Amino acid sequence: MKNESLSISNPDKNKIDFIEKVAIGLITVGLLILALSFLNIKLNAVIFLPLSLSSILLGTIVYSRRIYLKKLPGIKNDAVWFRSLSSRGLIAWSIGITLTGFYVLIYWFPRILGLGVNGNSNTGLAALFDPLSYFFEGKPASQWFVYGTLYTLCITSLGYKFILKYRHNRYQIIRTIVVMLSQLFFAYLIPEILEGLNSDKAYFAKDIKNMWPLNYYFFDSWHIDNMRNGGTMGMIYLVWGIALFLIVTPIVTYFVGKRWYCSWVCGCGGLAETAGDSFRQLSSKKVSAWKFERYMIHGVLLFAVLMTSAVLYNYFTNTTTIFGLDTYTWIRQPYGFLIGAAFSGVIGVGFYPMLGSRVWCRFGCPLAAYMGIFQRFKSRFRITTNGGQCISCGNCSNSCEMGIDVRAYAQKGENIVRASCVGCGICSAVCPRGVLKLENGDEKNRINSNPISIGNNSAKLNM
Amino acid sequence: MTTINRLLRECKSSASKHVVIIGNGISGITCARNVRKNSTACITVISSETDHHFSRTALMYIYIGHMRFQDTKPYEDSFWVKNKIDILNRFVSKVNTDEKMLTFSNGESLTYDVLVIATGSKSNKFGWPGQDLHGVQGLYSYQDLQLMEQNTKDVNHAVVVGGGLIGVEMAEMLKSRNIGVSFLVREQHFWDAVLPMEEAVLIERHILEHNINLRLGTELKEIISDERGKVKSIITSKGESIKCEFVGLTVGVSPNILFLKDSGINTDRGVVVNEFFETNIEDVFAIGDCAQFEKSINGRRQLEQVWYTGKMHGETLAHSISGVKTAYNPGHWFNSAKFFDIEYQTYGNVPTNYSEQLASFYWEHPTKKICLRIAYNKQTNILIGVNAFGIRLRHQIIDKWLSEERTIDYVIENLAGANFDPEFFIKYENDIADSYKFRKQKSILSN
Ligand SMILES: Cc1cc2nc3c(=O)[nH]c(=O)nc-3n(C[C@H](O)[C@H](O)[C@H](O)COP(=O)(O)OP(=O)(O)OC[C@H]3O[C@@H](n4cnc5c(N)ncnc54)[C@H](O)[C@@H]3O)c2cc1C
Ligand code: SF4
Ligand code: SF4
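In this text the structure is predicted, and so the values were computed from the model without any measurement.

Side note on empty space enclosed by the protein
All names here are of chain A.
Step number 1: Inspection of the entire model under this criterion finds eight cavities of 30 Å³ or more.
Step number 2: Within this model, the largest cavity holds a volume of roughly 100 Å³.
Step number 3: Along the walls of the largest cavity sit 14 residues, with Ile383, Cys400, Cys421, Cys424 and Cys427 positioned nearest its centre.
Step number 4: Tallied by class, the residues present in the lining of the largest cavity amount to eleven nonpolar, two polar and one charged.

If you want it as structure tokens, here you go:
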């Protein structure tokens, strides 16, 4: 049997109307400005940067309103497996290659993005972002500033689209508003403003929610020193950073599951939930993928813990080596290259259109692994299965970005308690029979198993 | 793929009995899995539809593009190998119960020790003129879905005949491809054999909102062909003609048992069985859509063509086959469906008409498409059933209340505990309780 979608009756009969065309035009203009700058065509940044960003934002808003508000509220997944974008078609590949390329440039070839080195001023794309960077930090844009701005734009504009798509579901609306605000303020505006106010002090990470081990350099000597020398604010960040992963995270995860972080505040999660929504169905649901996932993600966690132990050892003993090996060359650099850049960035986002939106969160994030251990063994969170109502249709598994085969549990009447579940709630939203509910409750009966369908009293008599 | 020779060799040589199941739908597969859990029997599952079990209830989602066919398979293909359940893609054309042998349409044959008939249903056709034209079809099997892809290519307008659950699904499918739909429903109100009037009207409003041309109280009279043998229009019982290039016939299903005609196995509408799923012939059983109980069990219908029932049949019969003879003892009825965007759940018995003894309390949201009906016994006030539209309810809790024979007052008071809507959803229990109290005071509760 062929594994293709069966569709031959034209699935794209929906015509694009005039307003939609205008909106797409706006988005194209915005992207074109970015592309032209990248190609080093000189544009007046003070005019063209706001023009680019606002036309992308506005275009997305108009387009989303147009496509979703003319339909009744409800699940809007029609044709996801027919469209090129969401089913690994040509558009998907083009976007994937572009994104991957962009990440490669940011991490390893920022000069191609126009970053001025050795005192030269910015050119190209970086120069386009200079006015905004001067506004916040009083200095030219770095590639990370360009990246952070575009990242935030993606989450806010596509977050708006997501809210309209799920406007019948208050869990989704509230969660998405929180994840958008969290990116906009905690990850972008507040750190940029603080950076500007403290431009005389050395850099340290100022996104209060980006904790170790996701932020893997938190305990590096230079970072600890910069925080210690960063005045009161630096000390606050140091203490908070440790408390956050050591105390706050276990406690909150106990009460509500790791979703509070992964799908409510995290930046990686925020992008996956909004920009990545078109790709959630692409994650592999195979048992073999699950097995691979467990090795990978716990392997990365172990790597992060070992690396941090080494750098802390260095810090307190004032050394730079461990067991005779240079910590930077042998541990920090490989981690930064393999995990920090290649995995979380290039593969994690660049491969969205191929592997789904949560590749990093599922296979690589050491913080997700850490919280997953609590979620699996000591938490009140579970997805409750509604008795015998499951019809094994598979919508839940299909929509699970973490590749959890939700149906495998639901059809047995079992609750879903999985380390990897990020609590996005989409499985529950798309279930046509109202079978799934994310909830926090008594640890007793959290993992139930009903070998016999509720509603069938036959076998209970005997077994 | 399993070959007959290998099967015969292995199953003959093994000491355990050979359980052969015809049909890899939910009932056959549930039976096979549960027999495997509890015994070492040699198990073969035969189907001519697809190699592997898939979820029939998900057919519509393949067409509307939520999923691909492989996403509707509840188990990975390797599952069957790992669990030593042999699968065989053959059509059984004859059953010889004397020799305990099946004959396939390709001439091969296979012997069994225990035979389970789980062959499901087929779509009804009522002998309308033109019902076999090109572009006219039912929707039951994977092949029907493939045909529907062919038949709806370049179609502008379609007619769906029959206002049941599959009819609504078909209308939604066609709509997803921007095909106009006229929906003929014989009854005066949508699905009014099952839904009380208020619920039916609510769904009708919603169907109309989706720009479906809903024709209540209208039957199909004739399907008209163009010069190439393809449908070009239909004529309704009211004499109207509707131009269309596709006609979906969704006027119910009946057991798929034609191949048993000369087998000596006792059939009526379905294969006749007792509470142990035993047919008139030893070692031959029937479950799922195709099984018909000789008499009603626990007040349930003799033929129950739904997913959950097939699952329960499969579970129960598996115990008997594995050596623990078990009678079928279904609990409280439940079912669910989705009408475009409105989810529906039902528990227990919610009559469409209310007599001297039975009454119901109905609440509907003033603007949204959300409603709840609680049916109860007028004398005792005991709960007998619940219909919920747009509100999810906890199966376990309602099932418990039905068993514990709770009163309607108790149900209203504790309704919040039965709510299963996602977190942060607006809750209506207070509105419902207020409305209930108000009507109770004015004693205008009934119906
Ligand atoms: C579109 C659609 C939507 C539905 N939605 C719902 C729903 O939401 N909820 C619900 O409760 N129910 C629903 N149903 C009904 C439900 O799917 C059936 O009740 C259930 O699938 C019956 O299962 P079964 O195992 O008895 O038979 P089937 O699933 O029909 O399986 C029987 C299998 O046996 C094969 N077979 C038959 N004869 C032979 C032969 N001679 N040789 C070889 N193979 C043979 C058939 O090809 C078929 O594969 C729906 C049905 C359809 C068609
Ligand atoms: S979406 Fe709902 S009904 Fe479908 S398989 Fe998942 S839990 Fe079951
Ligand atoms: S199981 Fe459900 S809530 Fe958890 S990650 Fe998957 S889709 Fe999201």
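The rest of the description comes next.
What about the domain arrangement of chain A?
All names here are of chain A.
Step number 1: Each assigned domain of chain A is listed with its residue range as follows: domain 1 (13-71 + 109-200) and domain 2 (380-461).
Step number 2: With six residues of domain 1 at the interface, the matching set in domain 2 holds six residues.
Step number 3: Carbon and sulfur atoms supply 53% of the area that domain 1 and domain 2 bury against each other, a total of about 410 Å² over both sides.
Step number 4: Together, Tyr166, Tyr171 and Gln172 form the three largest contributors to the area buried by domain 1 at its contact with domain 2, with a combined 65%.
Step number 5: Connecting domain 1 to domain 2 are four residue pairs in polar contact (both at pLDDT 80 or more).
Step number 6: Among the elements that line the side of domain 1 that touches domain 2, the one with the most residues is helix α7 (residues 170-197), at three residues.
Step number 7: In terms of residue class, the side of domain 1 that touches domain 2 is made up of three nonpolar, two polar and one charged.

Some thoughts on the site of ligand 2
Step number 1: Taken together, 13 residues surround ligand 2, and among them Cys390, Cys393, Gly394, Cys396 and Cys431 of chain A come closest.
Step number 2: In the shell around ligand 2, the residues fall into nine nonpolar, three polar and one charged.

Let's talk about the site of ligand 1
Step number 1: Among the 32 residues in the neighbourhood of ligand 1, the closest are listed as Arg433 of chain A together with Ser27, Glu49, Tyr140 and Asp289 of chain B.
Step number 2: Ligand 1 is flanked by residues contributed from chains A and B.
Step number 3: Taking Arg433 of chain A, its side chain carries an N or O atom lying 2.5 Å from an oxygen atom of ligand 1.
Step number 4: Side-chain polar atom of Ser27 of chain B to an oxygen atom of ligand 1: 2.5 Å apart, as the coordinates give it.
Step number 5: Relative to its free-state accessible area of 990 Å², ligand 1 is covered by the protein chains to the extent of 95%.
Step number 6: Elements represented by at least two residues in the shell around ligand 1 include exactly α2 (26-38), α6 (165-176) and α8 (307-321) of chain B.
Step number 7: Of the residues assigned to the shell around ligand 1, the class counts are twelve nonpolar, 14 polar and six charged.

Analysis parameters
Residues numbered from 1 in each chain as written. Chains lettered and ligands numbered in written order. Predicted model: local features only at pLDDT ≥ 70, side-chain atom pairs only at ≥ 80, totals over all residues. Heavy atoms only, no water. 1 Å grid on protein atoms, 1.4 Å probe; cavity = no way out; pocket = protein on both sides within 12 Å on 5 of 7 lines; lining within 4 Å. Points joined across faces, edges and corners; volume = space filled by probe spheres on them. Nonpolar A, V, L, I, M, F, W, Y, C, P; charged D, E, K, R; others polar. Domains from an automatic or database assignment. Contact = heavy atoms within 4.5 Å. Buried area = accessible area lost by both parts, 1.4 Å probe. Polar contact = N/O pair within 3.5 Å; in protein donor to acceptor, adjacent residues only side chain to side chain. Helix = DSSP H or I, 4+ residues; strand = E, 2+ residues; numbered from the N terminus. Near = heavy atom within 4 Å. Areas by Shrake-Rupley, 256 points an atom, 1.4 Å probe, with all protein chains shown as cover.

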